[in-house]
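# Survey of secondary and tertiary structure
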Amino acid sequence: MHIVTAKEMYEIDRFAIEKGGIDGRILMENAGRAIVDQITNLVDNTERILVLVGSGNNGGDGFVIARNLLNKGYEVIVLQLVADEKIKGDAAYHKQLFINFKGKIQLVQEVTVVEQYLSNADVVIDAMLGIGISGEVRQPFKQVIEVVNKLEMLTISVDIPSGVPADEGVANFTAIKADYTFVVELPKLSLYLEYCSPFYGQWRLVEIGLPHTTFSQDNLIETWNQKNVVETLPKRNRYSHKGSHGKGLVIGGSHTMPGSVAMTAKAALRSGSGLITVGTVQEAIPSIASYCMEATYISFLSNEGIITGLPAIDFSSYDALAIGMGMGRSESTASITKKVIVDAKIPILIDADGLQHIKGDLPLIKQRQHPTVLTPHPGEMAMLTGYSVKEILTSPFKVSKQFAREHGVYLILKGVHTIISDPNGRQWVNTTGNAGLAKGGSGDVLSGILLSMMMQNQSLNDALTNGCFIHGASADILVSEQRSKQDLVATDVIDGLTSVFRTLI
Ligand SMILES: NC(=O)C1=CN([C@@H]2O[C@H](COP(=O)(O)OP(=O)(O)OC[C@H]3O[C@@H](n4cnc5c(N)ncnc54)[C@H](O)[C@@H]3O)[C@@H](O)[C@H]2O)[C@@H](O)CC1
Ligand SMILES: Nc1ncnc2c1ncn2[C@@H]1O[C@H](COP(=O)(O)OP(=O)(O)O)[C@@H](O)[C@H]1O
Ligand SMILES: [K+]
């Protein structure tokens, strides 16, 4: 499903009205009615409802909601926070209908009066500001937002919590902290920004009759859901053999960090790889092998438990490789990563310490004729780009698209809403995962799943989006059925892959 910016939402809206011929007043009615259907599931009709409306179409939705709740027997008051002449067009039409239906509207701009009304209500419907907000929230909205947040009453936002920007790039704002948000037709970008999404509370899309299309050539962002995975994940052929499912190489690990490659290898095998070989320091092999007996091993030259040299490896005998996990950041390991980038004429995934190694070698990556996948978390992305972590979290879509295009890489910017970007600038947002994954080792497991997916018979975009989905889905199933976010550890996520594959395909 497309994720839209405010501009794209307006384009879709304009298309529906101007080319499709649908009346904007009907769209507004549809939005209000669809949201009322949701509200009636949450709120009993004995509860007193206060609808806060602003000057735009978001306020127009508020009038439709108020009229339809009134029809259903709810006690409703609309507080209009702007002067009458500010309410225009479709919103003015629906305001008049509400009046015709004997609805009560109070024009209020004093925050103390708003507070009195709030104290006599059980539920507040926030239809103050929608996706048309520009700049900082002005008065009286700012104060009203602060009062609503302070009161902690059930708050339901229309389309977007008032004050939250629809798009990325705005770091500081005052906004309603909604319990529920009913998002009109398509998800807005800010739903997938970790500093904005908490404001939405629980959210759901409501359909109002707009086409699900995008007119943008430049900003193709989609969510990746279970349906997408089911459609694209290759089925295992009855006649397949181990060679059909990929021979992968994992390079990394050190005397003090053997677990990382062990988890990557095990996760790769549990996600369907035919054969996995681990290249690591000799000292680490016994402990890794006891956890991952299915893999084979190459002993690398080492000094004090750190890889110092790359043995002669015929990279072409592998289908893909992953490098960097637990490898350390010495000069010797950096030069090995560099050699692999140049010599390995196969798809490679670079993670963790490998990302530190490549900072100065991005031009070499650009020259590669085979796909390169980078999997930074925001800290690593900051190191690679020179932006601060805050800047990255404020504009993760822009920063990662720019980087993927500029360096010709597939970029997986990990986080609460992991963003997958391809070298053409297409982007997907993963929809699975939970805070149980915020533990050391989760990234190593992801690398293993991705390595495996890269070797299955699917496009690389599908492989990476499916890999991220499967990783998060494993954690989600575990947390809902047997573990908790507290005790979940990375090796559990590997074990949880069983449930994912059993339920998904
Ligand atoms: N046909 C349509 O256009 C539809 C739009 N829908 C609703 O319409 C909304 C978008 O409507 P609008 O484009 O009118 O935008 P808004 O409803 O967000 O209102 C924008 C108005 O708010 C004021 N404003 C902007 N920035 C402000 C700030 N920083 N502080 C205080 N006031 C500010 C300005 O007067 C501006 O005209 C959507 O979020 C959705 O709720 C729905 O009704 C569905 C159909
Ligand atoms: N709060 C969270 N919600 C969802 N996913 C998370 C959360 N925290 C971490 N993750 C996921 O866990 C993984 C962590 O990777 P990373 O930071 O590289 O960990 P490590 O290097 O310790 O293995 C990423 O896939 C990330 O998306
Ligand atoms: K709103």
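It should be emphasised that the depicted structure is a prediction, and the values quoted were computed from it without experimental measurement.

Attention shifts here to the overall build of the protein chain. Along the protein chain, the regular secondary structure elements total 20 helices and 18 strands. Structurally, the protein chain occupies a C-alpha span of about 85 × 45 × 45 Å along its principal axes. In the protein chain, buried positions account for 56% of the 505 residues. Summing over all exposed atoms, the protein chain offers an accessible surface of approximately 21200 Å²; the carbon and sulfur share of this is 49%. Of the side-chain charges in the protein chain, 44 are positive and 52 negative, and the distance between the mean point of each set is 3 Å.

This part takes up the site of ligand 1. What surrounds ligand 1 is a group of 23 residues, the closest being Tyr10, Asn57, Asp61, Gly130 and Asp159. Within the side chain of Tyr10, a nitrogen or oxygen atom sits 2.5 Å from an oxygen atom of ligand 1. Protein chains shield 85% of the accessible area of ligand 1, which is 880 Å² for the free molecule. Looking at the shell around ligand 1, the elements that each hand over two or more residues are α1 (6–19), α2 (24–42) and α3 (57–71). Residues that form the shell around ligand 1 fall into these classes: 10 nonpolar, 8 polar and 5 charged.

Next up on the list: the domain arrangement of the protein chain. Once the domains are mapped, the protein chain shows domain 1 (6–219) and domain 2 (242–504). On a C-alpha basis, the centres of domain 1 and domain 2 stand 42 Å from each other. Summed over both partners, the interface of domain 1 with domain 2 buries about 1100 Å², with 55% contributed by carbon and sulfur atoms. There are 0 salt bridges connecting domain 1 and domain 2. Here domain 1 and domain 2 share 5 residue pairs in polar contact (both at pLDDT 80 or more) between them. Of the residues that constitute the side of domain 1 that touches domain 2, the class distribution is 7 nonpolar, 4 polar and 3 charged.

Lining the immediate environment of ligand 2, one finds 18 residues, of which Lys414, Gly415, Gly440, Gly441 and Gly443 sit closest. With respect to ligand 2, the side chain of Thr418 contributes an N or O atom lying 3.1 Å from an oxygen atom. Interatomic distance of 3.3 Å between a backbone N/O atom of Ser442 and an oxygen atom of ligand 2. Bound to the protein, ligand 2 loses 78% of the 570 Å² it would expose on its own. At 4 residues, the largest contribution of residues to the shell around ligand 2 is made by helix α17 (residues 442–455). Considering only residue class, the shell around ligand 2 consists of 5 nonpolar, 10 polar and 3 charged.

Now for the coordination of the potassium ion (ligand 3). In this structure, Asn58 (OD1), Asp126 (O), Leu129 (O), Val158 (O), Ile160 (O) and Ser162 (OG) serve as the protein donors to the potassium ion (ligand 3), at separations of 2.6 to 3.1 Å. When the donors of the potassium ion (ligand 3) are listed by position in the chain, the intervening gaps give N-x67-D-x2-L-x28-V-x1-I-x1-S.

Before going further, it helps to spend a moment on the pattern of salt bridges. For side chains bearing opposite charge, pairing can occur when the charged atoms are close. Under the counting rule described, the total for this entry stands at 18 salt bridges. For Asp361, the salt bridge is made with Lys338, and the minimal N-O distance between the two is 3.7 Å. On the criterion of sequence distance, the pair formed by Asp361 in the loop between α12 (353–358) and α13 (362–367) and Lys338 in helix α11 (residues 331–343) is long-range, its members being 23 residues apart. For Asp361, a relative accessible area of 12% translates into the label buried. Linked through salt bridges whose partners overlap, the residues forming this network are Glu29, Arg33 and Arg67.

Turning our eyes to something else, we now look at the packing of aromatic side chains. Taken as a whole, this structure holds 4 aromatic pairs when the rule is applied. Arranged with centres 6.4 Å apart and planes meeting at 45 degrees, the rings of Phe63 and Phe98 form a pair that is tilted. In this pair, Phe63 is assigned in helix α3 and Phe98 in helix α4 (residues 89–100), connecting sequence segments 35 residues apart. Phe63 sits in the buried class, given a relative accessible area of 0%. Seen from their ring centres, Tyr192 and Trp203 are 6.5 Å apart, and the 90 degrees between their planes marks the pair as edge-to-face. Here the residue Tyr192 occupies a position in the loop between β6 (180–184) and α7 (197–200), and Trp203 occupies one in strand β7 (residues 202–206), the gap between them amounting to 11 residues. Aromatic ring contacts, followed pair by pair, group Phe173, Tyr195 and Phe199 into a single cluster.

With that settled, consider the UniProt feature "domain: YjeF C-terminal" (unreviewed entry) in the protein chain. Those places that UniProt annotates as "domain: YjeF C-terminal" (unreviewed entry) correspond, in this numbering, to residues 225–504. The span residues 225–504 is 46% helix and 16% strand, and its two end C-alpha atoms sit 11 Å from each other.

With 13 residues, helix α9 (residues 258–270) extends 19 Å between its outermost C-alpha atoms, agreeing within 8% with the 18 Å of an ideal straight helix rising 1.5 Å per residue. Across the 13 residues of α9, 10 count as buried, placing the element largely inside the fold. Along α9, the residues classified as buried are Ser260, Val261, Ala262, Met263, Thr264, Ala265, Lys266, Ala267, Ala268 and Leu269. A positive phi of about 110 degrees marks Gly272, the residue just after α9.

Turning our attention to the UniProt feature "binding site: K(+)" (unreviewed entry) in the protein chain. What UniProt calls "binding site: K(+)" (unreviewed entry) maps, in this numbering, to Asn58, Asp126 and Ser162. On the basis of their most widely separated C-alpha atoms, the annotated residues across 105 residues gather in one place, lying no more than 9.3 Å apart. Relative to the elements of secondary structure, Asp126 occurs in strand β4 (residues 123–127). The exposure class of Asp126 is buried, given its relative accessible area of 0%. Discounting chain neighbours no more than four positions away, the residues touching Asp126 are Leu52, Asn58, Ile156, Ser157, Val158, Ile160, Pro161, Ser162 and Ile176. Among the structural elements, Ser162 can be located in the loop between β5 (154–158) and β6. Take Ser162: its relative accessible area is 0%, and that puts it in the buried class. Those residues in contact with Ser162 that lie beyond four places of it in its chain are Asp126, Met128, Leu129, Ile145, Ser157, Thr174, Ala175 and Ile176.

Cut-offs and rules
Counting from 1, residues in each chain are numbered in the order their sequence is written. Written order decides the labels, with chains lettered from A and ligands numbered from 1. At least 70 in pLDDT is required for a residue's local features to be given in this predicted model, at least 80 for side-chain atom pairs to be given and counted, and no such filter applies to totals for whole chains, interfaces and linings, which use all residues. Hydrogens and water molecules were not included; the side-chain quantities draw on all heavy atoms of the structure. Helix and strand labels come from DSSP, where a helix needs a run of H or I of at least four residues and a strand needs a run of E of at least two; each type is numbered from the N terminus. Exposure classes here rest on a 1.4 Å probe applied to the protein chains alone. A residue is buried below 20% of its type maximum, exposed above 50%, and partly exposed in between. Surface accessibility in these figures is a Shrake-Rupley result with a 1.4 Å probe; residues are shielded only by whichever protein chains are displayed. The positive count covers Lys and Arg only, the negative count covers Asp and Glu only, and His and the chain ends enter neither. The location of each charge is read from NZ of Lys, CZ of Arg, CG of Asp or CD of Glu. A molecule or strand has a residue near it when one of that residue's heavy atoms lies within 4 Å. We call two N or O atoms a polar contact when they sit within 3.5 Å, provided that within protein one can donate a hydrogen and the other can accept it, with sequence-adjacent residues counted only if both atoms are side-chain atoms. Charged means Asp, Glu, Lys or Arg here, nonpolar means Ala, Val, Leu, Ile, Met, Phe, Trp, Tyr, Cys or Pro, and polar covers whatever is left, Gly included. Here the bounds of each domain stem from an automatic or database domain assignment. Accessible-area loss on putting two parts together, using a 1.4 Å probe and summing over both, is the definition of buried area adopted here. What makes a salt bridge here is a side-chain nitrogen of Lys or Arg within 4 Å of a carboxyl oxygen of Asp or Glu, nothing more. The rule for donors is simple: an N, O or S atom within 2.8 Å of the metal counts, and for Na, K and Ca the reach is 3.2 Å. Water is not among the atoms, so a site may look short of donors. Centres within 6.5 Å are what make two rings of Phe, Tyr or Trp a pair, Trp counting through its six-membered ring; a difference in plane orientation under 30 degrees is then read as stacked, over 60 as edge-to-face, and the rest as tilted. UniProt positions are given in the numbering used here, feature names are shortened, and annotations may be inferred rather than shown by experiment. For a helix, the expected span equals 1.5 Å multiplied by the residue count minus one. The criterion used for residue contact is that any of the two residues' heavy atoms lie within 4.5 Å.

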